[in-house]
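Per-entry structural report
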Amino acid sequence: MFEEFVQQYITTSRLKTAYYRAGQKNKKKLMLVHGNLSSSVFFLPLLPVLSQYFDVVIPDLRCFGNTQALPIDATRGFRDWSDDLVEFTDALGWDSFSLLGWSLGGGVAMRYTIDHSDRIEKLILLAPCPPFGFGGTRDEDGGPIYPLGLGTGAGCVNKALMFTTAMKGTATLKQIMRNFYFSPNFQLHPEIEDLLIEGISSVHFGEGMYPGDFYYTMNWPHVLPGETGVLNAMSPKWANQSPLLDVLHKPDILWIRGIEDEIVSDHSMIEFGHLGSKGLVPGWPGSAQYPPQPMVTQTRYFLNEYRKNGGNYQEVLLPGGHGCHLEAEGQFVFALTSFLF
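Keep in mind that what you see is a predicted model, and the values were worked out from it rather than measured. Here the residue numbers are simple positions, counted from 1 along each chain's written sequence. The predicted nature of this model means local features are confined to residues of pLDDT at least 70 and side-chain atom pairs, given and counted, to a pLDDT of 80 or more, with totals for whole chains, interfaces and linings taken over all residues. Hydrogens and water are ignored here; the side-chain numbers use all heavy atoms of the structure.

1. Considerations on the pairing of strand 5 (residues 97-102)
The test is simple: When accessible area is computed with a 1.4 Å probe and restricted to protein chains, residues below 20% of their type maximum are described as buried, those above 50% as exposed, and intermediate ones as partly exposed. Helix and strand labels come from DSSP, where a helix needs a run of H or I of at least four residues and a strand needs a run of E of at least two; each type is numbered from the N terminus. Two strands qualify as a pair provided DSSP detects at least 2 bridges between them.
Extensive coverage of strand 5 is indicated by the burial of six of its six residues. Judged by which residues are buried, strand 5 turns out to be covered on both faces: Phe-97, Leu-99 and Gly-101 on one side and Ser-98, Leu-100 and Trp-102 on the other are all buried. As defined by bridge partners, strand 3 (residues 28-33) adjoins strand 5 across four bridges and the pair is classed as parallel. Bridge assignment links Val-33 to a residue of strand 5, and that residue is Gly-101. Pairing between strand 5 and strand 6 (residues 120-126): five bridges, direction parallel.

Structure, rendered in structure tokens:
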């Protein structure tokens, strides 16, 4: 279905990156960065349309897709990924472009902007990882639950999902994707669904990669993040995007989210506070000790602070879930092009 788009490779001093590129090089430059348990193929269905407007590049992040499998130093938060992209964009010759990050990729995009805001024309956050880290925080301003990082990182991974992904259990992965990535009534074209399952299955397991190391603790839910691996890099112990509020050059931000998102929401189905409150994880100590993380509320608070500090943002709601860019493709493309032109 997408045979016209051929994956290419660029090798830098950091790693060998696989990527797709489409469009004409004299058009506006746009980079799309995928999320967790996915790869560049989650944007491939959009390329026929987006390539009419932009010079589009979609890389596979370290630990995903066909990019070289190398470990993540989680103590740097999202920086291993963003530093990879800095050298990658240097190799492309891109010194000014718009950057879109989806989910985990939203955290990568924010980190890139923190370190190199002068390069970013406009920033698009698509259902982004919360700015204070995924899990383990409370209230709109992201106050931490102690000990820092409790209930976040690699120890939270669903063991059955990890086994199914490693064994490439297609039927089970399809059901998981339907339940969590998209809204209940949405149906993908079978060929696109198979393509996306390949993207999910492309995650690289191994030491320092997916999911990472972790520690046990007496405090519910009994896990703390380690120092390596994909999931630990998103923990509030290591990842906090607050420096974005103080960058000198503040690119305009477009925040897009699906109204039925079950992953990044104020009632996330993969966050211990919410799962405990619903009785899905035994032993929940109550909302005083471990409340559900209000992810959307935190992102809105954060972006309002960005606005108070001189930046601008707009929020767009789309029909659909975490993958609303595929569920509401026309509305997504309209919102994106309206923002960038």
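After that view, the rundown keeps rolling.
2. Description of the nonpolar core
Applied cut-off: What is meant by a nonpolar core is a set of buried Ala, Val, Leu, Ile, Met, Phe, Trp, Tyr and Cys residues, joined one to another through side-chain atoms within 4.5 Å. Contact between two residues is taken to exist if any of their heavy atoms lie within 4.5 Å; hydrogens are not considered.
If you look at the biggest cluster of nonpolar residues, it comprises 98 residues, and the most contacted ones within it are Met-31 and Trp-81. Apart from the residues within four sequence positions on either side, Trp-81 is in contact with Leu-61, Arg-62, Phe-64, Ile-72, Leu-104, Val-108, Val-230 and Ala-233. Membership of the second largest hydrophobic core comes to nine residues, among which are Ile-145, Trp-220, Val-223 and Leu-275.

3. As for the pattern of salt bridges
When the charged atoms of two side chains with opposite charge come close together, those side chains can pair. We apply this condition: Here, a salt bridge means any Lys or Arg side-chain nitrogen found within 4 Å of an Asp or Glu carboxyl oxygen.
Applying the stated criterion to the full structure yields 14 salt bridges. Salt-bridge contacts for Arg-79 lead to Asp-115; the nearest nitrogen and oxygen are separated by 2.9 Å. One end of the pair, Arg-79, is in helix 2 (residues 79-92); the other, Asp-115, is in helix 3 (residues 104-116), with 36 residues separating them in the sequence. One continuous salt-bridge network, built from bridges that share partners, spans Arg-14, Arg-62, Arg-76, Asp-80, Asp-83 and Asp-84.

4. Section: helix 9 (residues 295-308)
Convention followed: Expected span of a helix: the number of residues minus one, times 1.5 Å.
In a regular helix each residue adds 1.5 Å, so 14 residues correspond to 20 Å; helix 9 covers 20 Å between its end C-alpha atoms and thus fits that length. All of the buried residues along helix 9 are Met-295, Val-296, Gln-298, Thr-299, Phe-302, Leu-303, Glu-305 and Tyr-306. Considering only its buried residues, helix 9 is in contact with helix 3, strand 7 (137-138), strand 11 (252-258) and strand 12 (313-318).

5. Thoughts on the side chain of Asn-232
Using the following cut-off: Pairing of N or O atoms within 3.5 Å defines a polar contact, subject to two protein rules: one partner must be a possible hydrogen donor and the other a possible acceptor, and residues neighboring in sequence count only if both atoms are side-chain atoms.
Following the sequence through the fold, Asn-232 ends up in helix 7 (residues 230-233). Separated by 2.9 Å, the side chain of Asn-232 and the backbone nitrogen of Ala-154 make a polar contact. If near-sequence neighbours (up to four positions away) are discounted, Asn-232 is found in contact with Ala-74, Gly-153, Ala-154, Pro-211, Gly-212, Asp-213, Pro-225, Gly-226, Glu-227 and Trp-238.

6. Here we look at unusual backbone geometry
Cis geometry is found at the peptide bond from Tyr-210 to Pro-211, where omega equals 0°. You can see Pro-211 is positioned in the loop between helix 6 (190-201) and strand 9 (214-216). Residue Pro-221 is reached from Trp-220 by a cis peptide bond, and omega for that bond is 5°. Along the polypeptide, Pro-221 turns up in the loop between strand 9 and strand 10 (223-225). One non-glycine residue, Ser-103, adopts positive backbone phi at about 60°. Examined against the element boundaries, Ser-103 turns out to sit in the loop between strand 5 and helix 3.

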